[in-house]
Amino acid sequence: MSAKNPEHGSAPEVSLPPEVKLLQEVTPPFFPEGGSGMTILVEWPPGHPGLPPHRHSGPSFGYVMEGALRFELEGEPERVVEAGGTFWEPGGDVIHYQDGNALSDASTKFVVTMVCAPGQPMLTLVDEEELKERAHLRAPRPSEG
């Protein structure tokens, strides 16, 4: 089995044994010198809305272990990532609008590895004023058609 990400034509082809399945391969926009990393496990109960709008100081990479995650980044339409699916975000200035449980009758569990820029918090909440200022950057909501 070999894996090559078609989005990154210059990425070398890697041979993986049959027991290893490539789930996600992306090139983050930056990896800050002196940055740190952390991996967290999140388990939202049924219907949990997730965190309020926020941003991360560096890129994040995630995998949904159980359930379904409602995921939305600034400039991208809302989507649901089901168990076995992956997601990532570039971090920096991009607002992460949603990371809640898309299920009303079951828990959702996911793991995220995040890179933190030196001297910055891993997560910063976005205030209402900034959300209003950047509203034009948000993709149309499903209810807006």
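Residues numbered from 1 in each chain as written. Predicted model: local features only at pLDDT ≥ 70, side-chain atom pairs only at ≥ 80, totals over all residues. Heavy atoms only, no water.

Some remarks on the pairing of strand β9 (residues 96–101)
Counting buried residues along β9, 6 of its 6 residues qualify, which places the element largely inside the surrounding structure. With 5 bridges joining them, strand β6 (residues 68–73) and β9 adopt antiparallel strand pairing. Across the sheet, the residue bridging to L69 is N101, located in β9. (Buried < 20%, exposed > 50% of the residue type's maximum accessible area, 1.4 Å probe, protein only. Helix = DSSP H or I, 4+ residues; strand = E, 2+ residues; numbered from the N terminus. Pairing = 2+ DSSP bridges.)

A few points about the sheet that holds strand β5 (residues 60–66)
Strand order in the open sheet formed by 4 strands is β3-β10-β5-β8, and the pairing between neighbours is antiparallel. Since the sheet does not close on itself, it has two edges, and those belong to β3 (36–44) and β8 (86–89), each with one partner. Averaged over all adjacent pairs, the angle separating strand axes in this sheet is 20°, with direction ignored. (Axes fitted to C-alpha atoms, helices over the stretch in contact; angles between N-to-C directions.)

Points about the pattern of salt bridges
Across all of its chains, the model carries 8 salt bridges by this definition. Its salt-bridge partner being E66, residue K109 comes within 3.9 Å of it at the nearest N-O pair. Of this pair, K109 sits in strand β10 (residues 108–116) while E66 sits in strand β5, and the two are 43 residues apart along the sequence. We classify K109 as buried; its relative accessible area is 18%. Linking E78 and R70 is a salt bridge whose minimum nitrogen-to-oxygen distance equals 2.9 Å. Connected through salt bridges with shared partners, the residues R55, E74, D93, E130 and R134 form a single ionic network. (Salt bridge = Lys/Arg side-chain N within 4 Å of Asp/Glu carboxyl O.)

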